[in-house]
Structure formats: structure tokens, C-alpha cells
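Chain by chain, the residues:
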Amino acid sequence: MKGCMFNIDGGYLEGLCRGFKCGILQQSDYLNLVQCETLEDLKLHLAGTDYGSFLANEPSPLSVSVIDDKLREKLVVEFQHMRNHSVEPLSQFLDFITYSYMIDNIILLITGTLHQRPISELIPKCHPLGSFEQMEAIHVATTPAELYNAVLVDTPLAPFFVDCISEQDLNEMNIEIIRNTLYKAYLEAFYKFCKEIGGTTADTMCEILAFEADRRAIIITINSFGTELGKDDRAKLYPRCGKLNPDGLAALARADDYEQVKAVAEYFVKFIYIIFLGIQCLVRRCG
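- Looking at an unreviewed UniProt entry, the chain carries the name Vacuolar ATP synthase subunit ac39, with the source organism given as Xylocopa violacea.

And the structure:
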């Protein structure tokens with residue numbers, strides 16, 4: 001009975017996902033791609049794989065940017081197809097995946113607004129997985145305050161944005177601080193969501209998110225050297241869902257140079273090793 005109930009909501013998507021997995025390029029395909037001398041050779045080889053149709057209507061000569069755009073378009077179409085046929089909690093899980101792209105898109109729009117660049121010029125540069133409905137109406141915003149009031153508080157990122165950043169912050173805060181503040185709230189919420197689901201989702205995703213949280217904490221620490229960002233402010237940007245929390249993050253917050261960061265990483269290397277083992281197990285399951 002449990003299996004039948006699963007098939008009602010997830011049977012089609014599981015079959016679709018397995019089909020996508022079978023379409024991933026194999027080692028032999030990559031060996032053949034290495035031998036390609038031109039982009040036309042690459043197109044010819046891909047014609048015999050599941051990627052065969054994505055360049056079918058593209059005229060010669062091909063360019064790297066065209067291939068990149070078409071690959072991204074294929075990914076987005078397949079992802080959105082799965083999202084449109086999913087139900088909770090899968091639909092929310094897939095939404096969480098798009099939130100990181102939304103953060104990058106919003107930061108791009110904020111940066112462009114601060115530099116007086118037209119929104120119409122910025123929107124094509126945004127990643128399609130991070131698109132949201134309000135992007136089409138964002139041209140009404142001409143200042144950071146208008147951008148905040150008219151768009152940001154109504155996006156799917158509103159719970160992260162409103163709780164972390166105010167309208168005044170758009171003028172006063174460094175853009176990278178805004179980005180890291182949003183990512184902190186996002187990673188912690190995604191981690192909590194996966195933990196609540198439990199099972200394989202929690203076992204796999206919590207390890208990946210913990211690794212990302214620790215990676216960002218280390219990068220934030222290194223990038224803060226030589227800047228006006230104080231140690232207390234730096235510590236507020238650390239995601240609290242990684243293996244370094246709490247002692248490792250406290251040590252990073254006290255670090256003054258690269259050697260001290262290196263010492264923290266070496267001390268907690270056993271935890272990082274465990275994270276890598278978790279990711280390797282995920283790769284084996286998917287492979």
C-alpha cells in the first residue's frame with residue numbers, strides 16, 4: 001500500500017529522474033569529446049547521445065556561448081518540468097534549490113541599481129533558475145529603496161531578506177555582506193527543512209549543506225582580512241549548520257591571518273573528512 005501511495009505522487013517523477021540519470025554522458029563519451037578538434041566535431045558526437053537535439057537547429061559556426069546557453073536552457077526546461085509535476089515536500093525541496101540562484105540574481109540587480117544601470121540590461125544576465133515573477137516589473141524601481149519596497153519583499157526570498165536586511169541596508173551595507181547574510185539564512189533554512197524530512201534526504205543533504213556552510217565560513221574569514229569588517233560582524237555571517245559549529249566557527253572568528261585559518265582547518269580535518277565521505281557515498285548512489 002505504501003508503494004502504491006508513493007507512485008501516486010512520485011512514481012512518474014522517479015521514472016523521469018532515472019531517465020535523466022541514464023542520459024548523463026558516460027566516461028567513453030568524455031574520452032571521445034577530448035578527441036574533438038572543433039565545436040562542429042563536438043556537436044556531431046553529441047548527436048548520438050541524449051544531448052543530440054539541443055544543438056540541432058543551431059547554424060554554423062557554433063560558439064561556446066551558444067552551447068553554454070543551450071545547455072542551460074535544457075537544464076532549466078527539465079528542472080521546471082519536474083517542479084511543475086511535483087507535490088510537497090518535493091516541490092519545496094526543488095524550490096530551495098532555486099533560491100541560491102535567486103540570491104545571486106537579486107544581488108546582481110541591487111548592484112546594477114546602485115550603479116545606475118538600467119534593469120532591462122541586467123535581467124538577461126540573470127540565471128533562469130533564479131527567475132521570479134516580479135523581475136518583469138522591476139523596471140519601476142530606480143533606487144535601492146524602491147527596489148526593496150516594490151520587489152524584494154514580495155519574492156520567494158522574502159523570509160530570508162526581510163529578517164536579515166532592512167531598506168536602509170541597501171545603501172549602507174557592502175553588497176558581499178548582503179549576499180553572505182542571505183546565504184546564511186538560506187542554508188540554515190534548507191538544512192532545517194531537510195532535517196525535518198528525515199530519512200535518506202536528511203542523511204545526504206544535511207552533509208552536503210554542512211559542507212557548504214563550512215566552506216562559506218572559511219571563505220568569508222579569508223576574504224575579510226585587510227577589510228573594515230570586524231571579527232564580531234564576520235562571525236554573524238557564518239552559517240550555523242556546518243561541522244565547524246560552534247567551536248570551529250568561534251576559532252575562525254578569532255583568526256587574524258591565513259595561518260590561523262589553516263590551523264583551524266587542520267584541527268577540524270576529521271570532520272571535513274567525514275563530509276567528503278558522505279559526498280562520496282552520494283556519488284556512488286547516483287553513479
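That was the structure; now back to the text.
1. Notes on the packing of helix α4 (residues 64–84) against helix α5 (residues 90–114)
Next, step 1: The geometry of α4 relative to α5 is characterised by a closest axis approach of 9 Å and an angle of 145° between their N-to-C directions. Between α4 and α5 lies a crossing of left-handed hand. Between α4 and α5, the contacting residues are F79, M82 and R83 on the first element and S91, L94, D95, I97 and T98 on the second.
Next, step 2: Within the contact of α4 with α5, the residues separate by chemical class into four nonpolar, two polar and two charged.

2. Quick look at α4
Next, step 1: Over its 21 residues, α4 extends 30 Å from the first C-alpha to the last, a length consistent with the 30 Å expected when each residue adds 1.5 Å.
Next, step 2: Listed in full, the buried residues belonging to α4 are I67, V76, F79 and M82. All buried residues of α4 project into a common sector of 165° when viewed along the axis, lining one side.

3. Regarding the nonpolar core
Next, step 1: If you look at the biggest cluster of nonpolar residues, it comprises 39 residues, and the most contacted ones within it are F160, Y186, F190 and C194.
Next, step 2: Of all the secondary structure elements, the ones that give two or more residues to this core are α1 (2–22), α4, α5, α6 (119–122), α8 (158–164), α10 (175–197) and α11 (199–224).
Next, step 3: For C194, the residues in contact, after removing those within four places along its chain, are F93, T201, A202, M205, C206 and L209.
Next, step 4: Grouped together as the second largest cluster of nonpolar side chains are 15 residues, I220, A251, V261 and V264 included.

4. A short note on the pattern of salt bridges
Next, step 1: Per the counting criterion, the structure on display carries 16 salt bridges.
Next, step 2: With a closest N to O distance of 2.7 Å, D95 and R83 form a salt bridge. Here D95 is found in helix α5, whereas its partner R83 is found in helix α4, with 12 residues between them in sequence.
Next, step 3: Judged by its relative accessible area of 25%, R83 falls in the partly exposed class.
Next, step 4: The structure contains a network of salt bridges with shared partners spanning E58, K70 and E73.

5. Some points on the environment of N105
Next, step 1: Mapped onto the elements, N105 comes out in helix α5.
Next, step 2: N105 gets classed as buried once you look at its relative accessible area, which sits at 3%.
Next, step 3: Placed 20 residues apart in sequence, N105 and K125 show a C-alpha to C-alpha distance of 8.3 Å.
Next, step 4: The residues contacting N105, other than those within four sequence positions of it, are C126, H127, G130 and S131.
Next, step 5: Engagement of the side chain of N105 in a polar contact is seen with the backbone nitrogen of H127, the distance being 2.9 Å.

Cut-off values and rules
Residues numbered from 1 in each chain as written. Predicted model: local features only at pLDDT ≥ 70, side-chain atom pairs only at ≥ 80, totals over all residues. Heavy atoms only, no water. Axes fitted to C-alpha atoms, helices over the stretch in contact; angles between N-to-C directions. Helix = DSSP H or I, 4+ residues; strand = E, 2+ residues; numbered from the N terminus. Left-handed = near helix turned anticlockwise from the far one by under 90°. Contact = heavy atoms within 4.5 Å. Nonpolar A, V, L, I, M, F, W, Y, C, P; charged D, E, K, R; others polar. Expected span 1.5 Å × (residues − 1). Buried < 20%, exposed > 50% of the residue type's maximum accessible area, 1.4 Å probe, protein only. Arc of directions from axis to C-beta. Core = buried A, V, L, I, M, F, W, Y, C linked by side-chain atoms within 4.5 Å. Salt bridge = Lys/Arg side-chain N within 4 Å of Asp/Glu carboxyl O. Polar contact = N/O pair within 3.5 Å; in protein donor to acceptor, adjacent residues only side chain to side chain.

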